[in-house]
Amino acid sequence: MNTPKSPLVMGYEVVIGFETHAQLSTQSKIFSRAPTAFGAEPNTQACAVDLALPGTLPVMNKGAVERAIQFGLAVGSHIAPRSVFARKNYFYPDLPKGYQISQFEIPVVQGGDVEFFLGDEKKSVRLVRAHLEEDAGKSLHEDFVGQTGIDLNRAGTPLLEIVTEPDMRSSAEAVAYAKELHKIVTWIGICDGNMQEGSFRCDANVSVRKPGEPLGTRREIKNLNSFKFMQQAIDYEVRWQIEQIEDGHAIQQATVLFNPDTGETRAMRTKEDAADYRYFPDPDLPPLVIADDWVQRVRSEMTELPRVMAQRFVADYGLSEYDATALTQSKGMATYFEATAKACGEPKLAGNWIMGEVSRRLNASELKIEQTPVLSGQLAKLIARINDGTISNNAARQVFDAIWNGEGEDVDGLIEAKGLKQMSDSSELEKIVDDVLAANPKNVEEYKAGNGKALNALVGQIMKGSKGKANPQQVNDLLRKKLG
């Protein structure tokens, strides 16, 4: 659990736990061969098993189990050698069997943690479990007047439900956790992470308490499908709960929904506890047995994990832990950084450019790193030209802009065409310096009297006289020499 002091809201401590449903990237459902592709016409991807027709039996999808193992290994969990499926009983129109097949007492993935940065502070959230289960269908209310349509395409879609301890203490921390979890499941390829399509859905359990008091009564905000709405919903819920307590009302445990249009949460139903679902082992499914050699094979085939890669970036490239984490936000960004760093031999400069100019442009254009018009080789050459004194940082940004806007692809060609080369003729630069010193005797006197700002004024005049082509470091060195 996080040990630093928790931020208080109106004198109350906020306590947040998360349950996240990650839709697994299998081609077929968890207990049937029906496809899982998004966007099909209603009820065209539901077979007899999904419809719960009499006599049908579920058969475990091995690919779903393997993805659960991958996740467990990625977050340092214990992979249970034997886990059990249970029936979670509740009635809903889009749940044909009248129960959902899930895991309860013995989940497949146990424990683990997710580490991330909140600003420059490192945080860690403990996981309770991650268990396999099937999704329910979908009720369609908007297409029918006075009626509800049932689409069972999603029924039986494989989910991994990832449950945390109540370790988070602010909406910002909760969003940072959710983003890190999203990064992990997409990085290892077990989930496409598409929040708009419901592939990555978060439920936030929110309560408040006075510092040092027992945990308060929680309310669960269901189906948060964007990071922006997640923060808004939690902030509203926290304020609402505090106001209720301050007005003398008790908080009732409930499931609530967030309305993005009003920015408010509203109760949907009283929250059930485990006992209400009458869990019992599913007699149609034998225990799930995972041999150690299966786990070891999955481990050997897994891609380098983001936190392992970040540690390598610290060790190999001398980056700070914060920068290394930022550069491993996605596999694409990590690949782009490493290619740039290796090509230019200046990993810290490469990291600064990628976290700065490249990221700023990508965000403004709503592009992914894979879509950047400036290739890693071009950025590496640009950094090399700054390093060898050919161009200034300001000129490099002009070249970067030109490549981004499609004005050319060759770094050296653009430097030449735009006349951006720094002045290399020392005699020409010396003449400009002498002219500026002669024209600004007041600044010279002020500098000699100990006013450091006067030097900056002289540097500015010299850069202007050279039309920005003088090397600032060279200018400073020459000025100090001439001024004694």
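Keep in mind it's a predicted model, so treat the numbers as computed, not measured. (Residues numbered from 1 in each chain as written. Predicted model: local features only at pLDDT ≥ 70, side-chain atom pairs only at ≥ 80, totals over all residues. Heavy atoms only, no water.)

Colleague: Can you break down the overall build of the chain residue by residue, with the values?
Modeller: A tally of regular secondary structure across the chain gives 15 helices and 18 strands. Relative to its length of 484 residues, the chain is extended, with a C-alpha radius of gyration of 30 Å against a globular reference of 23 Å. Over its C-alpha atoms, taken along the principal directions, the chain stretches across nearly 95 × 55 × 50 Å. Put simply, the chain has 484 residues, and 48% of those count as buried. Contacts in the chain between residues far apart in sequence, at least 24 positions, make up 68% of those at least 6 positions apart. Accessible area of the chain: about 23700 Å², with a carbon and sulfur share of 50%. Positive and negative charge centroids in the chain, built from 55 and 66 side chains respectively, lie 3 Å apart. (Helix = DSSP H or I, 4+ residues; strand = E, 2+ residues; numbered from the N terminus. Rg over C-alpha atoms; globule rule 2.2 N^0.38 Å. Buried < 20%, exposed > 50% of the residue type's maximum accessible area, 1.4 Å probe, protein only. Contact = heavy atoms within 4.5 Å. Areas by Shrake-Rupley, 256 points an atom, 1.4 Å probe, with all protein chains shown as cover. Lys, Arg positive; Asp, Glu negative; His and termini not counted. Charge placed at Lys NZ, Arg CZ, Asp CG, Glu CD.)

Colleague: With reference to specific residues and values, describe the packing of helix α2 (residues 171-187) against helix α3 (residues 227-246).
Modeller: Helix-helix packing is described using two parameters, namely the angle between the two axes and the distance between the axes. The geometry of α2 relative to α3 is characterised by a closest axis approach of 9 Å and an angle of 150° between their N-to-C directions. Between α2 and α3, the angle falls in the class roughly antiparallel. In the crossing of α2 with α3, the sense of the turn from one axis to the other is right-handed. Here α2 contributes Ser171, Ala172, Ala174, Val175, Ala178, Lys179 and His182 to the contact with α3, which in turn contributes Phe227, Met230, Gln231, Ile234 and Asp235. (Axes fitted to C-alpha atoms, helices over the stretch in contact; angles between N-to-C directions. Parallel < 35°, antiparallel > 145°, perpendicular 65-115°, else oblique. Left-handed = near helix turned anticlockwise from the far one by under 90°.)

Colleague: Explain the pairing of strand β2 (residues 12-23) to me, and be specific about the residues and the numbers.
Modeller: Burial within β2 is extensive, with 12 of its 12 residues counted as buried. By the alternation rule, side chains of β2 split into Tyr12, Val14, Ile16, Phe18, Thr20 and Ala22 and Glu13, Val15, Gly17, Glu19, His21 and Gln23, which are all buried. The pairing of strand β1 (residues 8-9) with β2 spans 2 bridges and is classified as antiparallel. For Val9, the partnering residue across the bridge sits in β2 and is Tyr12. The antiparallel pairing of β1 with β2 creates a hairpin that spans 2 residues between the two strands, and Met10 there sits at a positive phi of about 55°. In this sheet, strand β13 (residues 200-209) lies alongside β2 in antiparallel orientation, the contact comprising 10 bridges. Each residue of the ladder has a partner; that of Gly17, found in β13, is Asn205. Both β2 and strand β12 (residues 158-164) contribute to a ladder of 5 bridges, which runs antiparallel. (Pairing = 2+ DSSP bridges.)

Colleague: Give me the sheet that holds strand β6 (residues 99-103): which residues, what numbers.
Modeller: Strand pairing in a sheet is mediated by backbone hydrogen bonds. Such pairs are either parallel or antiparallel. The 3 strands lie next to each other as β6-β5-β17, forming an open sheet whose pairing is antiparallel. Unpaired on one side and paired on the other, β6 and β17 (280-281) mark the two borders of the sheet. Bridge count between strand β5 (residues 85-89) and β17: 2 bridges; the pairing is antiparallel. Counterpart to Arg87 in the pairing with β17 is Phe280.

Colleague: Report on α2, specifying residues and quantitative values.
Modeller: The end-to-end C-alpha separation of α2 is 24 Å, in line with the 24 Å expected for 17 residues at 1.5 Å each. Within α2, 14 of the 17 residues are buried, which leaves it mostly tucked inside the rest of the structure. Gly189 sits one or two positions beyond α2 and adopts a positive phi of about 80°. (Expected span 1.5 Å × (residues − 1).)

Colleague: Can you break down the environment of Ala204 residue by residue, with the values?
Modeller: Tracing the backbone through its elements, the reader meets Ala204 in strand β13. Sequence separation between Ala204 and Thr255 is 51 residues; the distance between their C-alpha atoms is 9.9 Å. Sequence-distant contacts of Ala204, that is, excluding residues within four places in its chain, are made with Gly17, Phe18, Arg219, Glu220, Ile221, Leu224 and Ile234.

Colleague: Got a sec to walk through the environment of Asp113? Specific residues and values, please.
Modeller: Looking at the element boundaries, Asp113 is found in strand β8 (residues 113-118). Separated by 131 residues in the primary sequence, Asp113 and Gln244 have C-alpha atoms spaced 33 Å apart. For Asp113, the contacting residues outside a window of four places in its chain are Val75, Ser124, Val125, Arg126, Leu127 and Arg307. Within polar-contact distance, the side chain of Asp113 engages the side chain of Arg307 at 3.4 Å. (Polar contact = N/O pair within 3.5 Å; in protein donor to acceptor, adjacent residues only side chain to side chain.)

Colleague: Describe the packing of aromatic side chains, with residues and values.
Modeller: Tallied over the entire structure, the rule returns 13 aromatic pairs. With 5.8 Å between their ring centres and 65° between their planes, Tyr90 and Tyr277 make a pair best called edge-to-face. Taken as a pair, Tyr90 in the loop between β5 and β6 and Tyr277 in the loop between β16 (264-270) and β17 lie far apart in primary sequence, 187 residues in all. Since its relative accessible area comes to 28%, Tyr90 is described here as partly exposed. Measuring from ring centre to ring centre gives 5.5 Å for Tyr317 and Phe337, while their planes differ by 85°; the resulting arrangement is edge-to-face. With Tyr317 in helix α5 (residues 306-317) and Phe337 in helix α7 (residues 331-344), this pair connects stretches of sequence that are 20 residues apart. Under the relative-accessibility criterion, Tyr317 is labelled buried at 14%. Over the aromatic face of Tyr277 sits the side chain of Lys88, whose NZ or CZ is 4.5 Å from the ring centroid. (Phe/Tyr/Trp six-rings, centres within 6.5 Å; stacked < 30°, edge-to-face > 60°. Lys NZ or Arg CZ within 6 Å of the ring centre and 35° of its normal.)

Colleague: Quick one: what's the story with unusual backbone geometry, residue by residue and with numbers?
Modeller: Phi is positive for Met10, close to 55°, though the residue is something other than glycine. On the secondary structure map, Met10 appears in the loop between β1 and β2. Non-glycine residue Asn43 carries a positive phi angle of around 65°. Its place among the elements puts Asn43 in the loop between β2 and α1 (62-74). When its relative accessible area of 39% is taken as the criterion, Asn43 is described as partly exposed.

Colleague: An account of the packing of helix α8 (residues 347-365) against helix α10 (residues 393-404) is requested, with residue identities and associated values reported.
Modeller: At a closest axis distance of 13 Å, the pairing of α8 and α10 adopts a crossing angle of 35°. Crossing handedness for the pair α8 and α10: right-handed. Contacts from Trp353, Glu357, Val358, Arg361, Leu362 and Ser365 in α8 reach Ala396, Arg397, Phe400, Asp401 and Trp404 in α10. Partitioning the contact of α8 with α10 into residue classes produces 6 nonpolar, 1 polar and 4 charged. (Nonpolar A, V, L, I, M, F, W, Y, C, P; charged D, E, K, R; others polar.)

Colleague: Account for helix α9 (residues 376-387), naming residues and giving values.
Modeller: Under the 1.5 Å per step criterion, the end-to-end length of α9 is 16 Å for 12 residues, consistent within 8% with the ideal 16 Å. Check the buried side of α9 and you find it contacts α7, α8, α10 and α11 (411-417). Downstream of α9 by a residue or two, Gly389 has a phi angle that is positive, lying close to 80°.

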